[in-house]
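One letter stands for each residue in the lines below.
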Amino acid sequence: RAAVPGRAGAHTGAGGMTRPWPLLQSHPVFDAGIFRVFRDRAQSPRTGQARDFHVVHMVDWLSVLPLTPRGEVVMVRQYRHGSRRDSLELPGGLHDGVAEQPAQGAARELAEETGYATDQPLQMLGVVHPQPALLANRAWIYLARNVNRSAAPRPDAGEDIDVVLLDAAEIGSRVASGEIDNAMTLAALGL
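Residues numbered from 1 in each chain as written. Predicted model: local features only at pLDDT ≥ 70, side-chain atom pairs only at ≥ 80, totals over all residues. Heavy atoms only, no water.

### Side note on helix α1 (residues 102-114)
Residue pairs spaced three or four apart in an α-helix point in one direction, given the helix's 3.6 residues per turn.
So, step 1. An ideal rise of 1.5 Å per residue puts 18 Å on 13 residues; α1 measures up with 18 Å between its terminal C-alpha atoms.
So, step 2. Buried residues of α1: Pro102, Gly105, Ala106, Glu109, Leu110, Ala111, Glu112, Glu113 and Thr114, and no others.
So, step 3. Following α1 by one or two positions, Gly115 adopts a phi angle in the positive range, close to 80°. (Helix = DSSP H or I, 4+ residues; strand = E, 2+ residues; numbered from the N terminus. Expected span 1.5 Å × (residues − 1). Buried < 20%, exposed > 50% of the residue type's maximum accessible area, 1.4 Å probe, protein only.)

### A closer look at the sheet that holds strand β2 (residues 35-43)
So, step 1. Strands sit in the order β1-β2-β3 across an open sheet of three strands; the sheet is antiparallel. Each edge of the open sheet carries a strand with a single partner, namely β1 (23-31) and β3 (50-58). Strand-to-strand twist of the sheet, defined as the mean angle between neighbouring strand axes without regard to direction, takes the value 25°. (Pairing = 2+ DSSP bridges. Axes fitted to C-alpha atoms, helices over the stretch in contact; angles between N-to-C directions.)

### Regarding the layout of surface pockets
So, step 1. One number sums up the size of the largest pocket: a volume of about 980 Å³.
So, step 2. Forming the walls of the largest pocket are 35 residues, and the residues nearest its centre are Gln78, Arg80, Glu89, Gly93 and Asn182.
So, step 3. For the lining of the largest pocket, the secondary-structure elements that each account for two or more residues are β4 (61-66), β5 (72-80), β6 (85-89), β7 (92-94), α1 and α3 (183-190).
So, step 4. For the lining of the largest pocket, the class distribution of residues is twelve nonpolar, eleven polar and twelve charged. (1 Å grid on protein atoms, 1.4 Å probe; cavity = no way out; pocket = protein on both sides within 12 Å on 5 of 7 lines; lining within 4 Å. Points joined across faces, edges and corners; volume = space filled by probe spheres on them. Nonpolar A, V, L, I, M, F, W, Y, C, P; charged D, E, K, R; others polar.)

### Describing the side chain of Ser63
So, step 1. Tracing the backbone shows Ser63 in strand β4.
So, step 2. For Ser63, a relative accessible area of 5% puts it in the buried group.
So, step 3. Apart from the residues within four sequence positions on either side, Ser63 is in contact with Leu90, Pro91, Gly92, Trp140, Ile141, Tyr142, Met184 and Ala188. (Contact = heavy atoms within 4.5 Å.)

### Considerations on the pairing of strand β10 (residues 139-144)
So, step 1. In terms of residue burial, β10 counts as a mostly covered element, since six of its six residues are buried.
So, step 2. Both faces of β10 are covered, namely the face carrying Ala139, Ile141 and Leu143 and the face carrying Trp140, Tyr142 and Ala144.
So, step 3. Two strands pair when backbone bridges link them, and β4 and β10 are joined in this way by six bridges, in the parallel orientation. Pairing of Pro66 across the sheet is with Ala144, part of β10.
So, step 4. Bridging between strand β9 (residues 123-128) and β10 involves five bridges; their strand directions are antiparallel. Within β10, the position partnered with Gln123 by the bridge is Leu143.

What is shown is where atoms sit, not what they do.
Printed below as a string of C-alpha cells:
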C-alpha cells in the first residue's frame, strides 16, 4: 500500500497491524556493567530478509512526580554527562527489580535524591518504553502526593544534586523555554 500522510497503518501487514520479526540470533557485544549491548539478528515478516539490530539491555528506570501540600513540584538539578550540562528533572533512578517493587524503588529514589517522603501510597501514572528502537527497558512513572521534607538528601557518590521546588504553574513555561527537556520528566508531566 502507498503511504498516506497522517494515516496510521499505512505500512502495515494484513489486518492493519505490524507483525513481530522472529529473532534468529542474539549475541552480546559489549558489557558496561550498567548496560549490555546485544546484536540481534531478526527476520522481516514482510520481505523474509534477515537484518542485524543493536539492542541495549539495562534495568528498568523509575521516575516520580512529587507534589507538596502547597502545590509545588519537587525537582532536582544535576549535571548530566551525556548532554554535558545541568538538567532540571524529576527524581528517579534505576529499579532494583529483585529487592523491591517499582513503587518502593520510586519512593526510595525520592528520599535519596531529595529528602522528601509521603505517608500515602504512590500512584502509578504509567509505564513507558523510553526508546524502543534501541533500549529494551521500561520506565515506571509514579505520582507522590503530599510530600514533605523528612530527612537530608542522600545522593549516590556519582551525583551532585540541588533540590528545586517549583510552583506547578511554572512548569509549562520551563518546558517551553527548554529548561526542562529531560524526556522521562516530560513523559511524567504528560501522564
